[in-house]
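The residues making up each chain are set out below.
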Amino acid sequence: MRITVDVDDAVMKELAIITGHTKKSPAINMVLEDFVKRAKCKEFGRLLFEGAFDGAFEPGYDPDKFDK
């Protein structure tokens, strides 16, 4: 997908240094992918904390019986 985004030049320079990418698109894609992964990990952690997977590794566990 192509989009137009205004990014501060100083931020892009830092991003290039941090990611190691000299091209803008790969650097931005790397950051966006990382953001999505972190958000998913945060949600998974919340589910763990709330006990969503309690007993998941016990014999006879049926994930379809879990109330969401």
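Everything quoted here is computed from the prediction, not taken from an experiment. (Residues numbered from 1 in each chain as written. Predicted model: local features only at pLDDT ≥ 70, side-chain atom pairs only at ≥ 80, totals over all residues. Heavy atoms only, no water.)

**Q** Explain the packing of helix 1 (residues 9-19) against helix 2 (residues 24-49) residue by residue, including any values.
**A** Two numbers describe how helix 1 lies on helix 2: the axes approach to 10 Å, and their chain directions differ by 75°. Classified by the interaxial angle, the pair formed by helix 1 and helix 2 is roughly perpendicular. Here helix 1 contributes M12, L15 and T19 to the contact with helix 2, which in turn contributes K24, A27, I28, M30 and V31. Of the residues in the contact of helix 1 with helix 2, the class split is 6 nonpolar, 1 polar and 1 charged. (Axes fitted to C-alpha atoms, helices over the stretch in contact; angles between N-to-C directions. Helix = DSSP H or I, 4+ residues; strand = E, 2+ residues; numbered from the N terminus. Parallel < 35°, antiparallel > 145°, perpendicular 65-115°, else oblique. Contact = heavy atoms within 4.5 Å. Nonpolar A, V, L, I, M, F, W, Y, C, P; charged D, E, K, R; others polar.)

**Q** I'd like a description of the pattern of salt bridges, backed by residues and values.
**A** Under the counting rule described, the total for this entry stands at 3 salt bridges. A salt bridge links R46 to E50; its shortest N-O distance comes to 2.7 Å. When salt bridges that share partners are traced, they join E43, R46 and E50 into one network. (Salt bridge = Lys/Arg side-chain N within 4 Å of Asp/Glu carboxyl O.)

**Q** Tell me about helix 1, and please be specific about residues and values.
**A** Residues of helix 1 that are buried include every one of M12, L15 and T19, and no others. All buried residues of helix 1 lie within an arc of 60° about the axis, which places them on one face of the element. Counted as exposed and oriented over 90 degrees from the buried face of helix 1: D9, K13, E14, I17 and I18. At the N-terminal boundary of helix 1, the capping side chain belongs to D8, with an oxygen 2.9 Å from the backbone nitrogen of A10. Positioned one or two residues after helix 1, G20 has a phi angle of 85°, which is positive. (Buried < 20%, exposed > 50% of the residue type's maximum accessible area, 1.4 Å probe, protein only. Arc of directions from axis to C-beta. Polar contact = N/O pair within 3.5 Å; in protein donor to acceptor, adjacent residues only side chain to side chain.)

**Q** I'd like a description of the layout of surface pockets, backed by residues and values.
**A** Taken as a whole, the largest pocket holds about 520 Å³ of empty space. Every residue lining the largest pocket is counted, 14 residues in all, and those nearest its centre are I3, V5, K24, S25 and I28. Of all the secondary-structure elements, those providing two or more residues to the lining of the largest pocket are helix 1 and helix 2. Here the element with the most residues in the lining of the largest pocket is helix 2; it accounts for 6 residues. Within the lining of the largest pocket, the residues separate by chemical class into 9 nonpolar, 2 polar and 3 charged. (1 Å grid on protein atoms, 1.4 Å probe; cavity = no way out; pocket = protein on both sides within 12 Å on 5 of 7 lines; lining within 4 Å. Points joined across faces, edges and corners; volume = space filled by probe spheres on them.)

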